[in-house]
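# Fold and geometry: a report
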Amino acid sequence: MKKIPTQGIDKTTLFAHLDEISKEDLDWKNGRNFAYVYYPGEEILSVVKEAYLRFFSENALNPTAFPSLRKMENDIISMSADMLGGDEKVTGSLTTGGTESILMAVKTAREWGRVKKELTGPPEIILPATVHPAFYKAAHYFEVKFVLVPVGKDFRAVPNEVEKAITPNTVMVVASAPSYPQGVVDPIRRIGKIAKKHDLLFHVDSCIGGFMLPFLQKLKYDIPPFDFSVEGVTSISADLHKYGYASKGASVILYKNAALRKHQFYVYTAWTGGIYASPTMTGTRPGGAIAAAYAALNFIGEEGYLRLAKSCMETTLKIQAAIAEMKDIQLLTNPESTLFAIVSDTIDIYELGDEMGLLGWQIDRQQMPASLHFSINPAHEKVADLLIEDLKKALKKAKRISLNKIGKNIQIKTVRTLQRMLPGHLFDRFQEYAASKSKVGGKRSAAMYGLIGELQESGNLDDMIKDFLHQLMSPDPEDKSKSTS
Ligand SMILES: *Cc1c(COP(=O)(O)O)cnc(C)c1O
């Protein structure tokens with residue numbers, strides 16, 4: 001086991017160590033990634049960081065202890081509500097991220113349903129197949145039943161399918177603006193009408209689009225209405241830590257009115273430590289993330305967000321236009337904003353991902369269908385030309401490899417899918433793990449196929465992934481060092 005070092009190590013060694021262990025992390029400042037980090041440039045980043053550090057120790061657990069945090073939080077909610085077409089009745093909470101915002105929306109719907117509906121079973125939420133997994137997680141945590149409905153060929157939710165799925169136990173319908181994997185905005189207006197007609201809550205997941213679409217609308221890009229200006233919308237999630245350029249740990253969940261938000265709050269009055277009241281999932285809430293979000297909104301300002309949105313959108317259109325010229329790859333769909341996916345009928349798209357990886361680009365693999373995902377951020381403006389060139393190069397190589405592939409065996413396919421879904425270094429660890437588990441043993445790849453064979457017999461891929469997650473979240477067996485070296 002790791003031990004806390006008996007004597008603390010000095011600052012120079014510590015920071016050298018931190019540099020060392022982060023050597024293989026994503027190179028996000030150079031725009032080599034298409035997810036996880038959204039980089040608005042050094043100036044904004046340094047201001048937002050400074051604000052974070054000033055409130056590093058403060059805690060928003062008790063809203064009366066730090067009036068500064070309360071003011072910042074209320075202002076963030078108000079500014080976000082205004083940006084998202086809300087009136088003065090719209091209110092909400094600051095959360096630690098999109099997932100928490102979504103958890104809160106689902107929990108609120110459950111409580112609302114219990115009070116407002118005569119439910120005859122578990123409350124149900126209707127989810128188009130492209131929604132973020134945070135909704136399944138919420139359903140799992142809160143024992144809400146989710147009803148999946150198919151999306152159309154364009155990957156947009158189908159209003160008719162949503163309506164057909166409504167039962168007396170339905171409490172909420174969900175749509176995305178846009179969906180993360182495909183980047184398309186669901187038909188919010190038509191779903192809003194259905195929600196209203198059936199007296200249901202309607203959550204729009206605008207986690208990724210919330211701080212992008214409003215500015216694209218102002219820039220006159222063709223973005224359909226998706227926010228509180230649409231009748232029937234009762235809540236919206238929007239992540240400050242994506243296109244809001246705040247620090248990680250910041251998102252808003254907004255509700256049409258305060259009566260709805262009340263269903264989100266948690267109170268316990270019989271605690272020996274006093275009356276406990278908490279708006280969201282977390283207890284202690286970091287002041288730094290609140291101050292950073294507040295700083296981002298105020299320092300960047302509307303003009304700054306418009307400039308950044310324009311940069312992202314122009315870069316997106318440039319890359320998309322270049323892709324349209326390339327044989328063998330196509331856009332999966334016709335997305336409205338700065339997210340898109342590419343597919344191929346002629347090559348194995350994951351091979352293209354691998355080849356791009358060798359050229360230093362980190363591109364996420366997706367499934368159903370096999371595709372590569374791109375979320376464009378301002379860091380990509382200066383590397384767009386290089387990206388296009390490298391795509392062409394990688395495509396040539398991927399084409400050659402795809403032609404040579406046999407890949408009929410289902411076992412090989414499963415392994416390959418895993419290989420492509422997991423980032424390279426995780427797959428390596430997965431292989432080691434597989435080798436250690438497998439009766440087959442011996443050569444790594446053989447062990448892997450053996451393991452998958454065994455798994456197919458027991459039919460439990462979920463369990464394997466959970467074990468693997470356990471492995472990842474445990475000390476590295478290779479790391480024998482006592483402390484930091
Ligand atoms: C990122 C995202 C989420 C989840 O947000 P986290 O901050 O990762 O918890 C939910 N929905 C969509 C559409 C997203 O893009």
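## Regarding unusual backbone geometry
In this structure, the amide linkage connecting Ala-177 to the following residue, Pro-178, adopts the cis form with an omega of -10 degrees. Within the secondary structure, Pro-178 sits in the loop between strand 4 (170-176) and helix 7 (188-197). The amide bond that connects Met-368 to the next residue, Pro-369, takes the cis arrangement and shows omega of 0 degrees. As for its position among the elements, Pro-369 is in the loop between strand 12 (364-366) and strand 13 (371-375). One non-glycine residue, Tyr-36, lies in the positive phi region at around 75 degrees. Considering the arrangement of structural elements, one finds Tyr-36 in the loop between helix 1 (11-21) and helix 2 (42-54). Non-glycine residue Tyr-245 carries a positive phi angle of around 60 degrees. For Tyr-245, the location among the structural elements is in the loop between strand 6 (235-239) and strand 7 (251-255).

## Quick word on the pattern of salt bridges
Inspection of the entire model under this criterion finds 20 salt bridges. Across the pair Glu-42 and Lys-29 runs a salt bridge, and its minimum N-O distance is 3.1 Å. Placement of Glu-42 in helix 2 and of Lys-29 in the loop between helix 1 and helix 2 is noted, with a sequence separation of 13 residues between them. Salt bridges sharing common partners tie together Arg-110, Glu-111 and Arg-114.

## Brief notes about the pairing of strand 4
Among the 7 residues that make up strand 4, 7 are buried, leaving the element largely enclosed by the rest of the structure. One ladder, built from 3 bridges, connects strand 2 (residues 124-128) with strand 4; its direction is parallel. Bridge pairing in strand 4 places Glu-124 opposite Thr-170. In this structure, strand 4 lies alongside strand 5 (residues 201-205), joined through 5 bridges in parallel fashion. When the sheet's bridge partners are listed, Met-172 is paired in strand 5 with Leu-201. A crossover links strand 4 with its parallel partner strand 5, the connecting element being helix 7, and its sense is right-handed.

## Description of the sheet that holds strand 2
In spatial order, the strands read 1-7-6-5-4-2-3; together these 7 strands make up an open sheet with mixed pairing. A strand with exactly one partner marks an edge of an open sheet, and here the two such strands are strand 1 (91-95) and strand 3 (145-149). Across the sheet, the axes of successive neighbouring strands diverge by a mean angle of 20 degrees, strand direction being ignored. Across the sheet, helix 7 touches strand 4 and strand 5, and the angle it forms with strand 5 is around 160 degrees.

Procedures and definitions
- Residues numbered from 1 in each chain as written.
- Predicted model: local features only at pLDDT ≥ 70, side-chain atom pairs only at ≥ 80, totals over all residues.
- Heavy atoms only, no water.
- Helix = DSSP H or I, 4+ residues; strand = E, 2+ residues; numbered from the N terminus.
- Salt bridge = Lys/Arg side-chain N within 4 Å of Asp/Glu carboxyl O.
- Buried < 20%, exposed > 50% of the residue type's maximum accessible area, 1.4 Å probe, protein only.
- Pairing = 2+ DSSP bridges.
- Right-handed = clockwise from strand over helix to strand, strands pointing away.
- Axes fitted to C-alpha atoms, helices over the stretch in contact; angles between N-to-C directions.
- Contact = heavy atoms within 4.5 Å.

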